[in-house]
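Listed below are the residues making up each chain.
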Amino acid sequence: MATEIREAETLIELDLDITGMTCASCAHRIERKLNKLDGVSATVNYATERATVSAPAAVDESTLLDTVAAAGYGAKVRRPLEATDADDADGEVPADPELTALRNRLFGAIALTVPVIAVAMVPALQFEYWQWASLTLAAPVATWGAWPFHRAAWANLRHGAATMDTLVSLGVLAAFGWSLVALFWGDAGVPGMTHPFDLVPDRGDGPASGLGDIYLETAAGVTTFLLAGRYFEKRSKRRAGDALRALADLGAREVAVLPDGPEGPETLVPAGRLAAGDLFVVRPGEKVATDGEVVTGHSAVDASMLTGESVPVEVGPGDEVVGATVNSAGRLVVRATRVGADTHLAQLAKLVEDAQAGKAKAQRLADRISGVFVPVVIALAVGTLGFWLGADAGWEIALTAAVAVLIIACPCALGLATPTALMVGTGRGAQLGILIRGPEVLEATREVDTVVLDKTGTVTTGDMRLTELVTDGAPDDEVRRVAATLESGSEHPIARAIAAGAPTGTLTDFVNEPGLGVTGAVDGRAAVIGRAGFLTGRGLTIPDALADAVDAAEGRGATPVLVGWSGRAYGVLVVADTVKDSSVEAVRRLRDLGLRPVLLTGDNERAARAVATEVGIEEVRAGVLPADKVAYVRALQDEGRVVAMVGDGVNDAAALAQADLGIAMGTGTDVAREASDLTIVSGDLTVAADAVRLSRRTLGTIRGNLFWAFAYNVAALPLAAAALLNPMLAGAAMAASSVFVVTNSLRLRRFRPLG
């Protein structure tokens, strides 16, 4: 059960799988019913057939399910995404019973409809009793074939609602019912009756009774075209969700656990039965069953399916491994640290699912329109019928125009415009290691004009190394030991570089001043490490030799750190970082997207300038504290710029949240990822440019879908009301509009990174 309790708000969040929806009007109706419950906030997505609900903890799940049932639909609490157990050997998605039933109904309707349309369109084929043969063939199509539309229309009628199915059912029944009247009580049933087929109804007969004409080809053709549209729409929607199912299928199915310790016997169990703390074996070529820590063994782990990184990562005892990655070489014994919904893979899938459930602003407007559209169309169809009868155009013209209005106006395409593009775009992003949090993110990427890049870990590798030690007045070993002891309490990359491999003493009274330095007592003696200003601000003097070493290090782009005690500095530790291989190309691509890059760092001016020059950035802001990063982003926004921030550390989290678009590197901290709108699973900065490109492409697809869906209805309704459109062609056009929207969205699957 996908339920999360948020203590501060005493709310539960859960997802419901909805069945029985056939158009955007259904989704809007369910959403409206759920939102009438006290304290409940719900969003229903037609394409994903999912409701995302936030409700007070006092609201029972059964109340939500009953509310959906009372609206005429089915619902069940959504289970966490799991790998399918029935995938074919060739990786095909398991058959969908509903899709199979729809396909069988479609094929049966096609077999019966083709001869009906053929004989109606070609007068030469109209033999003596052709109209009765057409009735024999068309009756099963208009009843059994159209049964899903009739059933849904009746269910909606019982609940006082009208949806797309209401329009279709009315149109099919009107055409079929009039044909029955004409055959049994009019002149249409006489032997030898013929009539021509017109793409545009002929108004030359004036106010004729119309009881010599039949519309069986319209009833059968509309039904078949709409069944075809619904089938291809549903199949395409499944294809749109393939990327998310592929994520679930990345996980291992079975795992060899070691219940008696690393040297004990192995027991093969389903991967879902693993618990935190369990030991399990990963042999060469096998997938890591869940997130864990290596206990014994050395190997290289291939994480390309999750991060896009092609080079396997070396791991050994104490290193973390991620579930679904592949062991390339030696045998590993791993202790499970996170299982089930807590794993990296499950969280990644949940992020993608949440993004797909969102709605862009334009889609919310479309949903509101579709909610009132159907009653308006029914009124328009009745008005059209009355107008043509009042104009003495005859029943044939009046009925043809009214049925065409009913059929052409179905708002399916409006409901599919955003969710299908979101499903495909976010799914494709997940395949490329790009996590998009929702449609609001897409809208932000269109406006962004400035990208602020954190230096360490984003533009550079963040793999800081101690390259030089300069001392004055104390032995090298003593300076190194004091510095390493002080930095052993910090997680900053510079601190880790200084502490790595050095002897340490006893550290007490540790205080970390983010962006400045550290103070503490090393073996009982107060000591300080950090920037020159940090030491002088605490009354320590800096000898000229050390000041010169600081200037020299900064001049070549390295980072110098001073350490001192007893009123003076005794040493300079020079730490250097390297620019990522991809950073130069990434900055160029960001510029090509119209973005103005800015390098923002807490490092010194010279080091920042050296890196900026190497990667091609002109605007640099150095020596910035975490709080100043937020202020700088806000200052850019006050200038009228729309800012994207790219970072990876705890000290970037506030700036990521402040920016109009926060992009976190997946190799960074959890805090940074939580504060971001986009997450790049790998540490490759070029993927940030791809993420912006994909987001803009997805947003463009959404806008294109909505434009054509609106334009289709705006253009087609007047034609139908003016009796310029055959109802059968109206059905084909309506079905084609939905298929077009879904197919246009599927083009996003072909998105490729540059280079």
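Residues numbered from 1 in each chain as written. Predicted model: local features only at pLDDT ≥ 70, side-chain atom pairs only at ≥ 80, totals over all residues. Heavy atoms only, no water.

1. A closer look at the UniProt feature "transmembrane region" (unreviewed entry) in the protein chain
Quick note on the threshold: UniProt positions are given in the numbering used here, feature names are shortened, and annotations may be inferred rather than shown by experiment. In this description a helix means any DSSP run of H or I spanning at least four residues, a strand means any run of E spanning at least two, and both kinds are numbered starting from the N terminus.
UniProt feature "transmembrane region" (unreviewed entry): in the numbering of this structure it lies at residues 106-123, 129-147, 167-186, 214-232, 369-391, 397-418, 706-725 and 731-748. Counted over residues 214-232, helix gives 89% and strand 0%. Its end C-alpha atoms are 29 Å apart.

2. With respect to the nonpolar core
Inside soluble globular proteins, nonpolar side chains tend to come together where they are buried. The following threshold applies: Throughout this description, the term nonpolar core refers to a set of buried Ala, Val, Leu, Ile, Met, Phe, Trp, Tyr and Cys residues connected via side-chain atoms within 4.5 Å. Classification of residues uses two cut-offs on accessible area relative to the type maximum, computed with a 1.4 Å probe and protein chains only: under 20% is buried, over 50% is exposed, and between them is partly exposed.
By size, the foremost hydrophobic cluster in this structure holds 52 residues, and its most contacted members are F149, V172, I214, L216 and I408. Elements with a contribution of two residues or more to this core: helix 3 (97-121), helix 4 (130-145), helix 6 (164-185), helix 7 (216-240), helix 11 (361-390), helix 12 (395-408) and helix 25 (686-721). A per-element tally of this core places helix 6 first, with 9 residues.

3. A few points about helix 2 (residues 61-70)
To keep things clear, this is the line we draw: The arc in question is traced by the directions running from the helix axis to the C-beta atoms.
Within the span of helix 2, buried status applies to L64, T67 and V68. With its buried residues spanning 95 degrees around the axis, helix 2 presents them on a single face. Remark: G72 follows helix 2 within two positions and exhibits a positive phi of approximately 100 degrees.

4. Some thoughts on the packing of helix 4 against helix 5 (residues 147-158)
Operational definition: Here, axes are lines fitted to C-alpha atoms. For helices the fit covers the stretch in contact, and angles between N-to-C directions go from 0 to 180 degrees. Orientation is classified from the angle alone, with under 35 degrees giving roughly parallel, over 145 giving roughly antiparallel, 65 to 115 giving roughly perpendicular, and any other angle giving oblique. The contact definition used throughout considers only heavy atoms, calling two residues in contact when any of these lie within 4.5 Å. Amino acids outside the nonpolar list (Ala, Val, Leu, Ile, Met, Phe, Trp, Tyr, Cys, Pro) and the charged list (Asp, Glu, Lys, Arg) are all regarded as polar, and Gly is one of them.
Close contact between helix 4 and helix 5 brings their axes to 5 Å; oriented N to C, the two are set at 40 degrees. The orientation of helix 4 relative to helix 5 falls into the category oblique. For the pair helix 4 and helix 5, the contacting residues are A142, T143, W144 and G145 in the first and W147, P148 and H150 in the second. Of the residues that constitute the contact of helix 4 with helix 5, the class distribution is 4 nonpolar, 3 polar and no charged.

5. Describing the sheet that holds strand 16 (residues 450-454)
Put simply, the rule reads: Each pair of strands is called paired provided DSSP finds at least two bridges between the two strands.
Read across the sheet, 7 strands follow the order 15-27-26-25-16-23-24 without closing on themselves; strand pairing throughout is mixed. Of all strands in the sheet, those with a lone pairing partner are strand 15 (434-436) and strand 24 (619-621), marking the two edges. Strand-to-strand twist in this sheet, taken as the mean axis angle between neighbours without regard to direction, amounts to 20 degrees. Here strand 23 (residues 596-600) pairs with strand 24 via 3 bridges, running parallel. Looking across to strand 24, one finds that V598 is bridged to E619. Sheet strands touched by helix 25: strand 15, strand 26 (661-665) and strand 27 (678-680). Its angle to strand 15, the strand with the most contacts, is close to 40 degrees.

6. As for the sheet that holds strand 21 (residues 559-565)
Here 6 strands make up an open sheet; going across it, the order is 17-22-21-20-19-18 and the pairing antiparallel. Of all the strands in the sheet, just strand 17 (465-471) and strand 18 (507-513) have a single pairing partner and so form its edges. The average angle at which neighbouring strand axes cross in this sheet is 20 degrees, direction not considered. With 6 bridges joining them, strand 19 (residues 517-522) and strand 20 (residues 525-530) adopt antiparallel strand pairing. The partner of G520 across the bridge, within strand 20, is A527.

7. Re the environment of L466
Here L466 lies in strand 17. Along the primary structure L466 and I498 are separated by 32 residues, whereas in three dimensions their C-alpha atoms are 6.0 Å apart. In contact with L466, not counting residues within four places along its chain, are R480, A497, L573, V574 and V575.

8. Considering the environment of F534
For F534, the location among the structural elements is in helix 18 (residues 532-536). It is 9.9 Å that separates the C-alpha atoms of F534 and G515, two residues lying 19 residues apart in sequence. Those residues in contact with F534 that sit more than four places away from it in its chain are E513, L516, G517, V518, T519, V528 and I529.

9. Topic: helix 16 (residues 476-487)
One full turn of an α-helix is made of 3.6 residues, so residues set three or four places apart face in the same direction. The condition is simple: Take the number of residues in a helix, subtract one, and multiply by 1.5 Å to get its expected span.
Counted at 1.5 Å a residue, the expected span for helix 16 with its 12 residues is 16 Å, and the 16 Å between its end C-alpha atoms agrees. Where helix 16 is concerned, the buried positions are V479, V482, A483, A484, T485, L486 and E487.

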